[in-house]
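# Observations on the three-dimensional arrangement
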Amino acid sequence: IACAGGEPLFFLDYIACGKNFPEKIATIVKGVAEGCIQSGAALIGGETAEMPGFYPEDEYDLAGFAVGVVDEKDIITGKDVKEGEVLIGLASSGVHSNGFSLVRKIFQMDRETLNTYYEELGQTLGEALLAPTKIYVKALRCVKEAGVRVKACSHITGGGFYENVPRMLPEGKRAVIEKDSYEVPPIFRMMAREGQVEEKMMYNTYNMGIGMVLAVDAADVEKVQKAVQEAGEVSYVIGKVEAGEKGVTLC
């Protein structure tokens, strides 16, 4: 919704579990409610399904959906992206919600491993992996209120840079991103090292420290970065748009 230039209105959740432990469900819903507060959406209902025999007692599945609104003239489509426009990346809080199948292959999922403190992380492994996903609604709202027209926007989720950035581009435009334009968070460096994951696979799976990419006019860069800062987020100038085959180049 935010990537399309819209405002979230409401959210509904769905929890399926093997056994309904009320305290656990309440904790999960509390987290959902916090996400709704951050995005300015109303949590108007949901469904909790107890499904013994389908899910083990200590497992659950969580899903949800949101509805938002945007004036047609304000929809961000990417069709107006021009050569020379600047790419601004908004910092992520860590792994966010993607690539955990690979995370579970790299690290042992036991208490001892997850509760181990690492100097390079400045926290335990479990804390680093479970840092709450950033919600960028407020940051994008502040950019809009600053009078900036975001030309294109991409949420860096599953598929990392290689699969998400091209979605925001029209044919004949290519995103060129400089890898050394920001500091990659230590959790990703640790995962690449411990799992011996090649660099391209890391950038094709994870956000690598950038949770959202905006394409804006070069004249608006300072205004955008100030608005993002006022929203409590961190941004970097990470690249530019060039003419060429639709896609992304990391250099």
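Attention here is on the structure that accompanies the text. (Residues numbered from 1 in each chain as written. Predicted model: local features only at pLDDT ≥ 70, side-chain atom pairs only at ≥ 80, totals over all residues. Heavy atoms only, no water.)

Looking only at helices and strands, the chain features nine helices and eleven strands. Here the chain has a C-alpha radius of gyration of 19 Å; the compact-globule value for 251 residues is 18 Å, and the two agree. When its C-alpha atoms are laid out on the principal axes, the chain stretches across 55 × 45 × 30 Å. Counting all 251 residues of the chain, 43% fall into the buried class. In the chain, once contacts between residues fewer than 6 apart in sequence are set aside, the share between residues at least 24 apart is 84%. Entry remark: accessible area of the chain is about 13400 Å², with carbon and sulfur atoms responsible for 51%. Where the 26 positive side-chain charges of the chain centre and where its 37 negative ones centre are 4 Å apart. (Helix = DSSP H or I, 4+ residues; strand = E, 2+ residues; numbered from the N terminus. Rg over C-alpha atoms; globule rule 2.2 N^0.38 Å. Buried < 20%, exposed > 50% of the residue type's maximum accessible area, 1.4 Å probe, protein only. Contact = heavy atoms within 4.5 Å. Areas by Shrake-Rupley, 256 points an atom, 1.4 Å probe, with all protein chains shown as cover. Lys, Arg positive; Asp, Glu negative; His and termini not counted. Charge placed at Lys NZ, Arg CZ, Asp CG, Glu CD.)

A few words now on the side chain of Asn164. Along the polypeptide, Asn164 turns up in helix 6 (residues 160-164). At 3.3 Å, the side chain of Asn164 and the backbone oxygen of Thr157 are in polar contact. Among the polar contacts listed, one links the side chain of Asn164 to the backbone oxygen of Gly160, at a separation of 2.8 Å. Contact partners of Asn164, with chain neighbours within four places excluded, come to Ser154, His155, Ile156, Thr157, Gly158 and Gly159. (Polar contact = N/O pair within 3.5 Å; in protein donor to acceptor, adjacent residues only side chain to side chain.)

Within helix 9 (residues 221-230) the residues assigned to the buried category are Val221, Val224, Ala227 and Val228. One face of helix 9 carries all of its buried residues, which in axial projection span an arc of 130 degrees. Facing away from the buried side of helix 9 by over 90 degrees, the exposed positions are Glu222, Lys226, Gln229 and Glu230. On its buried side, helix 9 packs onto strand 4 (86-91), helix 5 (137-145), strand 9 (210-216) and strand 10 (235-243). One or two positions beyond helix 9, positive phi appears at Gly232, with a value near 85 degrees. (Arc of directions from axis to C-beta.)

Glancing now at the sheet that holds strand 3 (residues 60-69). Taken together, the three strands give an open sheet; going across it, the order is 2-1-3, and neighbouring strands pair in mixed fashion. Of all the strands in the sheet, the pair left with one neighbour each is strand 2 (42-50) and strand 3. Strand-to-strand twist of the sheet, defined as the mean angle between neighbouring strand axes without regard to direction, takes the value 15 degrees. In this sheet, strand 2 lies alongside strand 1 (residues 7-17) in parallel orientation, the contact comprising eight bridges. Opposite Ala16, over in strand 2, you have Ala49 as the bridge partner. Where helix 1 (residues 22-39) meets the sheet, it contacts strand 1, strand 2 and strand 3, and its direction lies at approximately 165 degrees from that of strand 1. (Pairing = 2+ DSSP bridges. Axes fitted to C-alpha atoms, helices over the stretch in contact; angles between N-to-C directions.)

Now for helix 7 (residues 186-195). Taken together, the buried positions of helix 7 are occupied by Ile187, Phe188, Met190 and Met191. An end-on view of helix 7 places all buried positions within 160 degrees of arc, on one side of the element. If you follow the buried residues of helix 7, they end up packed against helix 2 (100-106), strand 5 (117-118), helix 4 (125-129) and helix 8 (199-203). Just downstream of helix 7 lies Gln196, where phi reads positive at about 50 degrees.

Here we take up the side chain of Ser181. Inspection of the secondary structure puts Ser181 in the loop between strand 8 (173-177) and helix 7. Only 2.6 Å separates the side chain of Ser181 from the backbone oxygen of Glu178, close enough to count as a polar contact.

As a further point, take the environment of Pro56. Here Pro56 is to be found in the loop between strand 2 and strand 3. By relative accessible area, Pro56 is classed as partly exposed at 40%. The spatial distance from the C-alpha of Pro56 to the C-alpha of Lys19 is 7.8 Å, given a sequence separation of 37 residues.

In this model, His96 sits at a positive phi of 60 degrees, which is unusual for a non-glycine residue. Summarising the element assignment, His96 is placed in the loop between strand 4 and helix 2. According to the relative accessible area criterion, His96 is buried, its value standing at 5%. We note that Gln196 has phi near 50 degrees; this positive angle belongs to a residue other than glycine. When you line up the elements, Gln196 lands in the loop between helix 7 and helix 8.

Counted according to the given criterion, the structure contains four aromatic pairs. With a centroid separation of 5.7 Å and an interplanar angle of 40 degrees, the aromatic rings of Tyr182 and Tyr236 are classed as tilted. Taken together, the positions of Tyr182 in the loop between strand 8 and helix 7 and Tyr236 in strand 10 put the pair 54 residues apart, joining distant regions of the chain. The buried category is assigned to Tyr182, whose relative accessible area is 7%. When the ring of Phe188 is compared with that of Tyr206, the centres are 6.0 Å apart and the planes differ by 50 degrees; the resulting orientation is tilted. A residue pair is termed long-range when its members are at least 10 positions apart, and Phe188 in helix 7 and Tyr206 in the loop between helix 8 and strand 9 qualify at 18 residues. For the pair Phe188 and Tyr206, one class covers both residues: buried. (Phe/Tyr/Trp six-rings, centres within 6.5 Å; stacked < 30°, edge-to-face > 60°.)

None of the figures reported here should be taken as evidence of function without further support.
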